[in-house]
Amino acid sequence: MIKTMTTDKFEHKAQGWDSPVKIEMAGKFVREMLENFKPEKDFKVLDYGCGTGLAGIEVAPLVKSVVFLDSSRAMLDVLSEKLGSLSDIDSLSPDNSKVIHGDIFKYVTKDVDMVFSLMALHHIEDLESVFEHISRNILKPSGVLVIGDLTDEDGSFHGEEKVAHSGFNIPELARQLEQSDLEVETTYTYNTMKRGDKEYEQFILIARKAEKN
Ligand SMILES: C[S@@+](CC[C@H](N)C(=O)[O-])C[C@H]1O[C@@H](n2cnc3c(N)ncnc32)[C@H](O)[C@@H]1O
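Procedures and definitions
- Residues numbered from 1 in each chain as written.
- Predicted model: local features only at pLDDT ≥ 70, side-chain atom pairs only at ≥ 80, totals over all residues.
- Near = placed C-beta within 6 Å.
- Helix = DSSP H or I, 4+ residues; strand = E, 2+ residues; numbered from the N terminus.
- Pairing = 2+ DSSP bridges.
- Axes fitted to C-alpha atoms, helices over the stretch in contact; angles between N-to-C directions.
- Contact = placed C-beta atoms within 7 Å.

Peer 1: Describe the site of the ligand, and please don't skip the residues or the numbers.
Peer 2: As a structural note, the neighbourhood of the ligand is formed by 19 residues, with Gly-49, Gly-51, Ser-72, Ala-120 and His-123 the closest of them. Elements supplying a minimum of two residues to the shell around the ligand: helix 1 (20-36) and helix 2 (54-59).

Listed below in structure tokens is the structure:
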């Protein structure tokens, strides 16, 4: 019998994830996203690679429902604790927040107005399949995908840790999105992070699914 081992790379990071730096990073991304694209009150949104939900929890009061999806059980445990303690807030009742553990491919719905993903895509290998799935099986026609992530870097951002992408080349990313009928409307660098003597840039990218497909 072949046994597959899945390791949760975030298991040891989850408890300390919500540091002031990470909270500030999520806040900055959400502010930038809202400046470019205002979700409607009746929107269903998906926070993909939500981690402990720092971005999704900020967006929740503005929309009808939030789906939090992540492959790390440990990160989602921290999120679930927070959702439990926030459950008296209308916008985060069990009716309008849902937590999904695992891979995005098991989530098929076609009724999501907006997917956003902060600092998660550089951990994910096969993004072409992910974009295809988001476009075909998750977003409504005219739905929007918002990405916040690192621009190309020299691989030092994660130190010794191996990740799928050392940031992104934006024209290349835009080409991949367009292959899945996700048309880039806006993209620019919105933040620069300093670590030691190095600087890393974060971009925001907003892409829209075609009206008909
Ligand atoms: C750097 S953290 C960012 C978390 C959160 N978005 C934030 O900004 O605080 C990356 C997250 O992506 C998740 N992740 C990595 N690969 C994934 C995959 N294939 N599917 C879903 N989530 C994934 C990790 O478990 C982790 O929680």
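Peer 1: So what's going on with the sheet that holds strand 1 (residues 44-48)? Which residues, and what values?
Peer 2: Taken in spatial order, the 7 strands of this open sheet run 3-2-1-4-5-7-6, and their pairing is mixed. The sheet terminates laterally at strand 3 (97-101) and strand 6 (182-195), the two strands that pair on one side only. Pairwise comparison of adjacent strand axes, ignoring direction, gives a mean angle of 15° for this sheet. Taken together, the 5 bridges between strand 2 (residues 65-70) and strand 3 define a ladder with parallel strand orientation. Bridging across to strand 3, Asp-70 finds its partner in His-101. This element, helix 4 (residues 127-138), spans strand 1, strand 4 (112-118), strand 5 (139-150), strand 6 and strand 7 (198-209) of the sheet and lies at about 150° to strand 5. Lying on the sheet, helix 5 (residues 170-179) is in contact with strand 6 and strand 7; it crosses strand 6 at an angle near 145°.

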